[in-house]
Amino acid sequence: MILNNENYYSPEANQEYMSVSQYKAFMNCEAAAMASISGRYERPTTRALLVGSFVDRYFEGTLDEFLKENPTLYTRKHELRAEFKRANQIIEAVKTDPKFMDAMSGEKQRIFTFDLFGVKWKAKLDSYNPGKAITDLKVVARMDKLPMWRYDIQGAVYQKGVEIVTGEKLPFYLAVVTKERVMDRDIWQIPQSTLDMALRQVEENIGRYADIKAGLLEPVHCGRCDYCKSIKQAAVRNYNELLEA
Ligand SMILES: [Zn+2]
């Protein structure tokens, strides 16, 4: 299928294409990833996630539609909830920051599809600036937690995907703003050596995930995530397991 803004996140698109978030879901728990792809399990949308979307949609120029689509952004008195007032302040702050606006000055939410390591991928870029850079916008709790989210994988796949489609290898940046009381902001370049390492890791793992997706291998249950807990049955276990963990 040809992807556009209407069908990009559809179950059909998720079935046909691998994405970085799908890949990361497989890394966390193969069973949960499969349950989500097949529509048996939906990860709850938290307000924390919506704050990120709120800022994304501002930069995309579609904040008005977003506000209409999500009545939960408002209180009963029809005022924006505190988190989203905060999101507005974040937008105001970065709008006046020249480095930040320069980093986000490319084409917004451009969709790419490409074959990588024998798998069909889809990617939606926050800011695609041909000849210059790929930038992804992140609204995070704290700056020092960035490596935990493995944005190096996203950078590696986006960079490779753009190179496959256009022939141009672009540097990858994260434009990051924090939700702290006094917000922090910086543009982080992920070094090429880090991207190369992340891409090799994707190459090693993607075959297994693609086979699971195609029904050729059984997914492993991690036993700890919300999905695994939601389908489990109680077992009688040795208390000392807890001391070893
Ligand atoms: Zn699990």
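Residues numbered from 1 in each chain as written. Predicted model: local features only at pLDDT ≥ 70, side-chain atom pairs only at ≥ 80, totals over all residues. Heavy atoms only, no water.

Undergrad: Just checking my understanding: could you explain the packing of aromatic side chains for this structure?
TA: The relative placement of two aromatic rings is captured by the distance of their centres and the angle of their planes. Applying the stated rule across the entire model yields 10 aromatic pairs. With centroids separated by 6.3 Å and ring planes inclined at 85°, the aromatic side chains of F54 and F66 adopt a geometry described as edge-to-face. You can see F54 sitting in helix α4 (residues 47-60) and its partner F66 sitting in helix α5 (residues 63-69), a full 12 residues away along the chain. Accessibility expressed as a relative area gives 0% for F54, which makes it buried. (Phe/Tyr/Trp six-rings, centres within 6.5 Å; stacked < 30°, edge-to-face > 60°. Helix = DSSP H or I, 4+ residues; strand = E, 2+ residues; numbered from the N terminus. Buried < 20%, exposed > 50% of the residue type's maximum accessible area, 1.4 Å probe, protein only.)

Undergrad: Sorry, what's going on with the pattern of salt bridges here?
TA: Between side chains of opposite charge, a pair can form as their charged atoms come close. Taken as a whole and judged by the stated rule, the model has 16 salt bridges. Notably, a salt bridge pairs E83 with R47, separated by 3.3 Å at the nearest N-O pair. Within this pair, whereas E83 is found in helix α6 (residues 82-95), its partner R47 is found in helix α4, the two being separated by 36 residues in sequence. Classification of E83 by relative accessible area gives partly exposed; the value is 27%. A relative accessible area of 40% means that R47 is categorised as partly exposed. Salt-bridge contacts for D97 lead to R185; the nearest nitrogen and oxygen are separated by 3.5 Å. Linking D97 in the loop between α6 and α7 (98-103) with R185 in strand β5 (residues 185-189), this pair joins segments that are 88 residues apart in sequence. (Salt bridge = Lys/Arg side-chain N within 4 Å of Asp/Glu carboxyl O.)

Undergrad: Would you mind showing me how to read the layout of surface pockets here?
TA: The gaps left among the atoms become clear once a water-sized probe is rolled over them. Approximately 250 Å³ is the volume found for the second largest pocket. Lining the second largest pocket, in full, are M143, L146, P147, R150, Y151, D152, L174, W188, Q189, I190, P191 and T194. Of all the elements in the fold, those that place two or more residues in the lining of the second largest pocket are α8 (151-166) and β5. For the lining of the second largest pocket, the class distribution of residues is 8 nonpolar, 2 polar and 2 charged. (1 Å grid on protein atoms, 1.4 Å probe; cavity = no way out; pocket = protein on both sides within 12 Å on 5 of 7 lines; lining within 4 Å. Points joined across faces, edges and corners; volume = space filled by probe spheres on them. Nonpolar A, V, L, I, M, F, W, Y, C, P; charged D, E, K, R; others polar.)

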